[in-house]
Amino acid sequence: MNEIHFDFEAFLTLASAITLVCWLIGKFKYRGEAPQDPGVMASIIAFGYSFFPVFIFVLLVRTFVFEPFRIPSSSMMPTLLTGDFIYVNKFSYGLKLPVLHDTFIEIGQPERGDVVVFRYPPNQKDDYIKRVIGLPGDEFYFDARTEKIYLNGEAVKQEVVGQYEGFIDDLQPRHTVIEKIEYLNGVGHKMLTINGISNQAFNFTQLTVPEGHYFVMGDNRDNSADSRVWGLVPERNLVGKAQFIWMHWRIPNFFEGLKRIGTKII
């Protein structure tokens, strides 16, 4: 997800705070009844009193339970396609304060292979989605010539499936798109390379992942700006774990898009 979006979380937090004040005034000054006083202020208090439960409910669900996201780019092909709408579990990696994003209840940590949504480190207004490759303490090395990943001195297992025959999305490759299966934590996931060789320039191909940070990569390896380009993802930037696709609106074949609904993200 490589796009700037309206900061809905900040809006909800502010709206909840303002309507809370109105709710308290209505509750104690007007004893729970709509203000009968004429004027703009009375109207504002009446509005806030009525809508406070709605704002606080949406804020709590969106902050602590789940949030829907739309995939706007091809960086996670073939796992996710442009036009996929996904469900993101917000409490997988702990409960975080809205706006401040500090974790106040520890629940779990990302595992190698998780597909995660996070706030893009260079621009906190952007939401990105990538796959966790390197965990804190891992010695990471990426061989750009062979597309191989090494973790703690051992090559991550990859199997070549063959030429990719699926939906190309917004790609216009000049070479053959190769589909592979990559195994992280013993679980295989699909990934793509173009002709098996990367021609991108990377800034981070060898490092030790520090505590509280994660190395992430897109499944569409030759069409993904990820930790190889802009660096690590701090723990506080994590938004949640991508769980499944709940709608798709992109593939020209309507029935093929329909088949994606309910697909678990692995």
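Computed from a predicted structure; not experimentally measured.

Visitor: So, helix α1 (residues 8-28): which residues are in play, and what are the values?
Guide: An ideal rise of 1.5 Å per residue puts 30 Å on 21 residues; α1 measures up with 30 Å between its terminal C-alpha atoms. Looking at the buried side of α1, the elements it contacts are α2 (40-64).

Visitor: Could you give an account of the pattern of salt bridges, naming the residues involved and the relevant values?
Guide: Tallied over the entire structure, the rule returns twelve salt bridges. Here E159 ties to K157 by a salt bridge, and the two come within 3.3 Å at their closest N and O atoms. Classification of E159 by relative accessible area gives partly exposed; the value is 33%. In this structure, the salt-bridge partner of E182 is R221, at a minimum N-O distance of 2.7 Å. Note that E182 is positioned in strand β12 (residues 177-184) and R221 in the loop between β15 (213-217) and α3 (227-230), a separation of 39 residues in sequence.

Visitor: Requested: an account of α2, with residues and values cited.
Guide: Along its 25 residues, α2 runs 34 Å from first to last C-alpha, staying within 8% of the 36 Å computed at 1.5 Å per residue. Every buried residue of α2 is listed here: A42, I45, G48, F52, F55, L59, V61, R62, T63 and F64. Buried-residue contacts for α2 involve α1, β2 (66-70), β4 (95-96) and β5 (103-105).

Basis of the calculations
Residues numbered from 1 in each chain as written. Predicted model: local features only at pLDDT ≥ 70, side-chain atom pairs only at ≥ 80, totals over all residues. Heavy atoms only, no water. Helix = DSSP H or I, 4+ residues; strand = E, 2+ residues; numbered from the N terminus. Expected span 1.5 Å × (residues − 1). Contact = heavy atoms within 4.5 Å. Salt bridge = Lys/Arg side-chain N within 4 Å of Asp/Glu carboxyl O. Buried < 20%, exposed > 50% of the residue type's maximum accessible area, 1.4 Å probe, protein only.

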